[in-house]
Amino acid sequence: MEPASPAGPDAQQPVAQGAEGASRSLLRRIKGKLFTWNILKTIALGQMLSLCICGTAITSQYLAERYKVNTPMLQSFINYCLLFLVYTMMLAFQSGSDNLLVILKRKWWKYILLGLADVEANYLIVRAYQYTTLTSVQLLDCFGIPVLMALSWFILYARYRVIHFIAVSICLLGVGTMVGADVLAGRQDDSGSDVLLGDILVLLGASLYAISNVCEEYIVKKLSRQEFLGMVGLFGTIISGIQLLIVEYKDIASIHWDWKIALLFVAFALCMFCLYSFMPLVIKATSATSVNLGILTADLYSLFFGLFLFGYKFSGLYILSFTIIMLGFILYCSTPTRTAEQPESTVPAVTSIGIDNLGLKLEENLQETHSVAL
């Protein structure tokens, strides 16, 4: 019997080709999972919201630094008035169960609490800047994301996988990188007058944001976007108007109005109105958690614009931070969540099954069905 001959190059070639084919197949699977049309559309929608938030930040900073105008409640009041004029008036002319008076008779106290949470969330975050540092606000504001996930677990019956917690951790790591870049770039100049009070205000504001976002997701997926915006516009106008008279009437009286200040107020109001108008659409197509992860880039957009408008110093860590946040956001959206079965005696039946990007997937499925039919 002849001894076995050693394997030559011809014998090793199929092995190498098989390994190369397996690696290409793996890359195609990863690309097909992370860079689908649904995820790209979700990213675009999330960054559109981030740009709206960026617009509010830039206009507010211009008002504060160039014209010494610090009236966050007045700015919010104008936005709520716009919501009232558009969406509350739409509800007033609706018929049946969607009519404004019918909604108020059944759920007026619930929407008062929702309006209060939304107004105070906006106010507390802005007011916190007077007491604590920019770093503290940026870091502690992320506290709203785990609160939002916990509320979604118990109220919306959302069930997360391990990859979702990993993705959230990656996004928070990106925020930490951004804060580090701020410190290295010298943007952390003021230690604040009462850091503890400021930090508490940030935590309270972030928690109220989470409550408002969970309620928003519940309403837009089970009821309607117009009802949410109409009720927030109605009670937000009333609550912010009362608070405006109490806490800011002296600041408003001291404003030296000119066309530039008026233009900045208009720009802020339009950005906020677009944010409130489009966010329910994005939440309905995805989820409140994925939206909040997507808008973590808003501070980075403000920093990029600040390089030209306010003379900020550039740091390569800003690019790294943006990349890390987007990576975590894509990873979160790549795997759908699921919804646990609800007790029959609680809320009405769910109209969505708790899958991120569900609205976008349904839209594509409908388009495919229509094409097949044709």
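What counts as what
- Residues numbered from 1 in each chain as written.
- Predicted model: local features only at pLDDT ≥ 70, side-chain atom pairs only at ≥ 80, totals over all residues.
- Heavy atoms only, no water.
- UniProt positions renumbered as here; feature names shortened; annotations may be inferred.
- Helix = DSSP H or I, 4+ residues; strand = E, 2+ residues; numbered from the N terminus.
- Expected span 1.5 Å × (residues − 1).
- Buried < 20%, exposed > 50% of the residue type's maximum accessible area, 1.4 Å probe, protein only.
- Polar contact = N/O pair within 3.5 Å; in protein donor to acceptor, adjacent residues only side chain to side chain.
- 1 Å grid on protein atoms, 1.4 Å probe; cavity = no way out; pocket = protein on both sides within 12 Å on 5 of 7 lines; lining within 4 Å.
- Points joined across faces, edges and corners; volume = space filled by probe spheres on them.
- Nonpolar A, V, L, I, M, F, W, Y, C, P; charged D, E, K, R; others polar.
- Phe/Tyr/Trp six-rings, centres within 6.5 Å; stacked < 30°, edge-to-face > 60°.
- Lys NZ or Arg CZ within 6 Å of the ring centre and 35° of its normal.
- Salt bridge = Lys/Arg side-chain N within 4 Å of Asp/Glu carboxyl O.
- Core = buried A, V, L, I, M, F, W, Y, C linked by side-chain atoms within 4.5 Å.
- Contact = heavy atoms within 4.5 Å.
- Axes fitted to C-alpha atoms, helices over the stretch in contact; angles between N-to-C directions.
- Left-handed = near helix turned anticlockwise from the far one by under 90°.
- Patch = residues over 30% accessible without salt bridge, like charges linked within 9 Å, V, L, I, M, F, W, Y side chains within 5 Å.
- Areas by Shrake-Rupley, 256 points an atom, 1.4 Å probe, with all protein chains shown as cover.

Within an unreviewed UniProt entry, the label attached to the protein chain reads Solute carrier family 35 member F2, and the organism entered is Daubentonia madagascariensis. In its Function (unreviewed entry) section, the UniProt record describing the protein chain reads: "Putative solute transporter." On record in UniProt, under Subcellular location (unreviewed entry), the comment for the protein chain is "Membrane".

Engineer: I'm lost on helix α9 (residues 225-247) in this one. Help?
Structural biologist: Look at α9: 31 Å from first C-alpha to last across 23 residues, which is about the 33 Å you get at 1.5 Å a residue. α9 sits mainly inside the fold: 17 of its 23 residues count as buried. Sitting at the head of α9, Ser 224 places a side-chain oxygen 3.1 Å from the backbone nitrogen of Glu 227.

Engineer: What is the right way to read the layout of surface pockets from this model?
Structural biologist: Estimates place the volume of the second largest pocket at around 530 Å³. Every residue lining the second largest pocket is counted, 18 residues in all, and those nearest its centre are Lys 110, Ile 155, Cys 215, Tyr 218 and Ile 219. Among the secondary structure elements, those contributing two or more residues to the lining of the second largest pocket are α4 (100-128), α6 (144-155) and α8 (195-222). The element best represented in the lining of the second largest pocket is α4, accounting for seven residues. Looking at the lining of the second largest pocket, its residues break down into 15 nonpolar, no polar and three charged.

Engineer: Which parts of the structure should I look at to understand the packing of aromatic side chains?
Structural biologist: Two aromatic rings are characterised by how far apart their centres lie and by the angle between their planes. Within this structure, the stated rule accounts for five aromatic pairs. Measuring from centroid to centroid gives 6.1 Å for Tyr 80 and Tyr 276, while their planes differ by 75°, and the two rings are edge-to-face. Taken together, the residues span a long stretch of sequence, with Tyr 80 in helix α3 (residues 72-92) and Tyr 276 in helix α11 (residues 259-285) at a distance of 196 residues. Comparing Tyr 80 with Tyr 276, the two get one shared label, buried. Ring geometry for Tyr 301 versus Phe 322: centroids 5.9 Å apart, planes at 65°, classification edge-to-face. Linking Tyr 301 in helix α13 (residues 298-309) with Phe 322 in helix α14 (residues 316-334), this pair joins segments that are 21 residues apart in sequence. Residue placement shows Arg 159 over the ring face of Trp 153; its charged tip is 4.1 Å from the ring centre.

Engineer: Is there a simple way to explain the pattern of salt bridges in this structure?
Structural biologist: Note on pairing: side chains with opposite charge can pair once their charged atoms come close. Following the criterion strictly, the structure yields two salt bridges and no others. The salt bridge involving Glu 227 is made with Lys 107; its shortest N-O contact spans 2.8 Å. Here the residue Glu 227 occupies a position in helix α9, and Lys 107 occupies one in helix α4, the gap between them amounting to 120 residues. On the accessibility criterion, Glu 227 (3% relative accessible area) is buried. Where Glu 217 meets Lys 221, a salt bridge forms, and the shortest distance between an N and an O atom there is 3.0 Å. A residue pair is termed a helical-turn pair when its members lie 3 or 4 positions apart in one helix, as Glu 217 and Lys 221 do in helix α8 at four residues.

Engineer: Can you help me understand the nonpolar core in this one?
Structural biologist: Across soluble globular proteins, nonpolar side chains show a tendency to be buried alongside one another. With 52 residues, the main nonpolar core has Leu 83 and Met 231 as its most contacted residues. Elements that contribute at least two residues to this core include exactly α2 (37-66), α3, α4, α6, α8, α9, α11 and α12 (288-294). The residues contacting Leu 83, other than those within four sequence positions of it, are Thr 88, Leu 229, Val 232, Gly 233, Phe 273 and Tyr 276. Ile 39, Ala 158, Leu 296 and Tyr 318 belong to the second largest nonpolar core, which has 31 residues in total.

Engineer: Help me understand unusual backbone geometry in this model?
Structural biologist: Generally, phi is negative for residues other than glycine and the peptide bonds are trans, each holding for most cases. Unusually for a residue other than glycine, Lys 68 sits at a positive phi of about 55°. Within the secondary structure, Lys 68 is located in the loop between α2 and α3. Residue Lys 68 is classed as exposed on the basis of its relative accessible area of 67%. The residue Tyr 157 is not glycine, and still its phi comes out positive at about 60°. Position of Tyr 157 among the secondary structure elements: in the loop between α6 and β1 (158-159). On the basis of relative accessibility, which here comes to 15%, the residue Tyr 157 falls in the buried class.

Engineer: What is the right way to read the packing of α4 against α8 from this model?
Structural biologist: Following both chains from N to C, one finds α4 and α8 inclined at 145°, their axes separated by 8 Å at the closest point. Here the hand of the crossing between α4 and α8 comes out left-handed. For the pair α4 and α8, the contacting residues are Tyr 111, Leu 114, Ala 117, Asp 118, Glu 120, Ala 121, Asn 122, Leu 124, Ile 125, Arg 127 and Ala 128 in the first and Gly 198, Leu 201, Val 202, Leu 204, Gly 205, Ala 206, Leu 208, Tyr 209, Ser 212, Cys 215 and Ile 219 in the second. Here the contact of α4 with α8 is composed, by residue class, of 15 nonpolar, four polar and three charged.

Engineer: How should I be thinking about a nonpolar patch on the surface in this particular structure?
Structural biologist: Judged by side-chain polarity, Ile 238, Ile 242, Leu 245, Ile 246 and Val 247 come together as a nonpolar surface patch covering roughly 490 Å² of accessible area. Looking at the element boundaries, Ile 238 is found in helix α9.

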